[in-house]
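Results of the structural survey
Chain by chain, the residues run as shown.
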Amino acid sequence: MQPRRLRWETLAALRTSGKGRLSYCRRWLQDEDVLEGCMSPLVLSPYSGWVLDRIVGQSAQEITPSRSSTPKEPAPLTNRSSSLEKVTPASRRGSSPLSLDLPGFLRELLILYSVTDFAYMLTTQGNDDLSLLETDQEVFPAVPPSKVAEVEGCIRMYEEMHRLKGKEGLRQRQEQQEQMVRAVYDLASEQLKRFDELKELKQHQEFQDLQEVMEKSSKEAQGQQEKLKEEHRHRAKVLNLKLREAEQQRQRQEELERLRKEEGQERLRRLYSIQEEVLQLNQQIDPNYRHKDLPRIDLSAYSNRGNQICGLVSGLIRTTSERGFPTQVDVANTERALQEMRGLISSMQQEIAAAVEEKRRKDEEEERQKKKELLKKEQMKAQTPVPAQQSGGKQQKEGLQVKAEESTMQWYQQLQDAAEQCIASFSGISNCKDNNEVKKIKTDLQKAATIPVSQISRIAGSQLREIFDKINNLLSGKSVQSGGRTVSVTQHPQGLDFVYYKLAEKFVNQGEEEVASHRDAAFPIAVVASGIWEIHPRVGDLFLAHLHKKCPYSVPFYPALKEGTSMEEYQRMLGYQVKDSKMEEQDHFLKRMSGMIRLYAAIIQLRWPYGNKQGTHPHGLNYGWRWLAQMLNMEPLADVTATLLFDFLEVCGNALMKQYQVQFWKMMLLIREDYFPR
């Protein structure tokens, strides 16, 4: 019973050893942990000495009686002995070479390792392996118990020997490393010393060279300084002479300036006296003068000319005041203006006297005529009396006209009626205060129509075609992008009429503002407007209506003051801008009129270059020729007529000359010889 218990304790000890903890599996290739046990270091089990004492410690004499005392189990023992013999020869064959070369304590260590392997094999087989362990006890020879300590001591001595060898090798490697570092350090120190010596030598040489250069440059500088001193003394003498001459010249200039100022002040006083006299003479011209015998006499021409002369004199005085003092030419000009004013007063008085004399003569002639008519009435009883020709009847006009031709006025009225009809056609979209959706559509359409026109400038270049396509697409009913939104005239039934009206108005506003400020801008705006006019004629009619309303001289006609019309309204009819009962200045008015006439003159001669060139211009040069002829048939207005004729001929004169040739030159001759004197 006791040996069986010892066997189980032996197996338990072997299971807890390093070999016993290894996991063996038939499918070890599929198991990831198959070599996990081999990775742990090999250590002796704490039960190895006890195993040797129990298994190998028995002598050969004890093995023989045990064999003889168990006769009842011969067959199983034989089988186990045979299986043991299969294992032990292999271990002996594996250990026999080592027993030849290795020392005794290593051979004992291999025997111990074989025993532990065999014991582990016994643990993997069940109860049959327990009997095999008994057979194993019979196979191995007995080892004395003192060998365990010797083996363990040899192992520790071997480990200590290897540790000492490693420590000695490490110390030798450290010494070699220190020697190498020391040698490299010595070499580097020597190289650094050589480098410092070379650097010091080079610095010493550079210092000597620099010292030599400094000495040389010092000598050269001293020589140049001497030369400069000599040159300075010479220049000082020259400057002193020039200073004396400049002082003398300054004194002469001061004297001349004093004399000039005195003469200028004298001339300025003369100008002021002339201005005072001109103003006094101008007060004698009363435009509302009504002679008791000549109720219809008109002195407005004399008044206008007198005002012009006063303005001329005031402008001369203002210009000379800004410039300094007036010149002799300015005095001569003001004296000529004074003489002209005196002549104007004399002419007015002569005209009044001649008119009075003519009135008296006509009265006498009318008296005689009345007497003759009374005699004729008495003689012709059966006949109907012939009424006298009334003064308000139609008479043959001689000279220039005041009113425009009837056909021109009919054309003007048709355009204004068309504009009024267009306004009435989109009344639904214009009066949309309560409908936010319609108001939004109105705003988008107005931006889409006006913003591209505002982008046209004198440096537009290749952008003109893009702007033209955008406007044309909008008028054609296509969708366009404006302000990041898609806009189309089809969004509202009255959208197209609204866009027509706003686009035409924007073209006229560009002429009034952009062209008035930058004259070259008339041509790019005109070429786009002409192209749109050719494709969409209604835009052209509305453009003319807006142009005629803001600039009646583009018709041309001079609006008459009707009864019941206020002065502010009449000034607006003439084209003036009136704000807070104040009329704009004449210069600003002429500038706006000039811009619109220049745009009109550019439109009648330009065509869109990418359009149909075979068709005729919708408003070509024949309209420009008609405007020029009608303008010359009407009485000229001060400042306005001259300004408009100049701007129109400057823009369109060359085209008219090529078109009408000789007739154009006849027109120019008429302007020079007959129209200018008026």
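Residues numbered from 1 in each chain as written. Predicted model: local features only at pLDDT ≥ 70, side-chain atom pairs only at ≥ 80, totals over all residues. Heavy atoms only, no water.

Attention now goes to unusual backbone geometry. Going from V555 to P556, the amide bond is cis rather than trans, its omega being 0°. By the element assignment, P556 lies in the loop between α16 (537-550) and α17 (567-573). Although it is not a glycine, Q661 adopts a positive phi angle of roughly 50°. Relative to the helices and strands, Q661 resides in the loop between α20 (640-660) and α21 (662-675). (Helix = DSSP H or I, 4+ residues; strand = E, 2+ residues; numbered from the N terminus.)

Another point: the nonpolar core. Membership of the largest hydrophobic core comes to 84 residues, with the highest contact counts inside it found for V528, F543, Y553 and F648. The greatest single-element share of this core, amounting to ten residues, is contributed by helix α18 (residues 586-603). Beyond its immediate chain neighbours, meaning those up to four positions away, V528 contacts I456, L464, F468, I471, F507 and W608. Grouped together as the second largest cluster of nonpolar side chains are 19 residues, V313, A337, M348 and I352 included. (Core = buried A, V, L, I, M, F, W, Y, C linked by side-chain atoms within 4.5 Å. Buried < 20%, exposed > 50% of the residue type's maximum accessible area, 1.4 Å probe, protein only. Contact = heavy atoms within 4.5 Å.)

We now examine the pattern of salt bridges. Taken as a whole, this structure holds 33 salt bridges when the rule is applied. Between R342 and E277 there is a salt bridge whose closest N-O contact spans 2.5 Å. In this pair, R342 is assigned in helix α9 (residues 328-379) and E277 in helix α7 (residues 146-283), connecting sequence segments 65 residues apart. For R342, a relative accessible area of 35% gives the class partly exposed. The partner of E358 in a salt bridge is R361, and the shortest N-O contact between them spans 2.0 Å. Placement of the pair is E358 and R361 together in helix α9, with a separation of three residues, close to one helical turn. One salt-bridge network, held together by shared partners, links E512, K550, E584 and R592. (Salt bridge = Lys/Arg side-chain N within 4 Å of Asp/Glu carboxyl O.)

This part covers the packing of helix α12 (residues 436-454) against helix α14 (residues 495-517). Two numbers describe how α12 lies on α14: the axes approach to 9 Å, and their chain directions differ by 35°. Considering the relative orientation of α12 and α14, their crossing is right-handed. Residues K442, L445, Q446, A449, T450, V453 and S454 of α12 form the contact with α14, whose participating residues are G495, F498, V499, K502, L503, K506, F507 and Q510. Here the residues of the contact of α12 with α14 are counted per class, giving seven nonpolar, five polar and three charged. (Axes fitted to C-alpha atoms, helices over the stretch in contact; angles between N-to-C directions. Left-handed = near helix turned anticlockwise from the far one by under 90°. Nonpolar A, V, L, I, M, F, W, Y, C, P; charged D, E, K, R; others polar.)

On to the confidence of the model for the protein, then. Taken residue by residue, the protein gives an average pLDDT of 76. The fraction at 70 or more is 73%. Low pLDDT (under 50) marks residues 59-110, which in the prediction has 35 contacts with non-local residues, meaning those over four places away or in another chain. Across residues 112-145 the pLDDT falls below 50, and counting only partners more than four positions away or on other chains, this stretch makes 69 contacts in the model. (pLDDT = per-residue confidence, 0-100.)

Right, let's get into the packing of aromatic side chains. Given two aromatic rings, their pairing is described by the distance between the two centres and the angle made by the two planes. Scanning all chains against the criterion turns up twelve aromatic pairs. Seen in terms of ring centroids, F426 and F498 are 5.4 Å apart; in terms of plane orientation they differ by 80°. Their pairing is edge-to-face. Residue F426 is located in the loop between α10 (406-425) and α11 (427-430), and its partner F498 is located in helix α14; the two are separated by 72 residues in the primary sequence. Here F426 and F498 have matching classes, each one buried. Considering the side-chain rings of Y553 and Y558, the 6.1 Å spacing of their centres and the 55° angle between planes classify their relative orientation as tilted. Of the aromatic side chains, those joined through ring pairs into one cluster are Y553, Y558, Y576 and F589. (Phe/Tyr/Trp six-rings, centres within 6.5 Å; stacked < 30°, edge-to-face > 60°.)

Here V487 shows up in strand β2 (residues 485-487). Exposure remark for V487: the relative accessible area of 1% places this residue in the buried category. Each C-alpha atom of the pair V487 and A448 lies 7.3 Å from the other, and the pair is 39 residues apart in sequence. In contact with V487, not counting residues within four places along its chain, are D444, L445, A448, K478, S479, V480 and S482.

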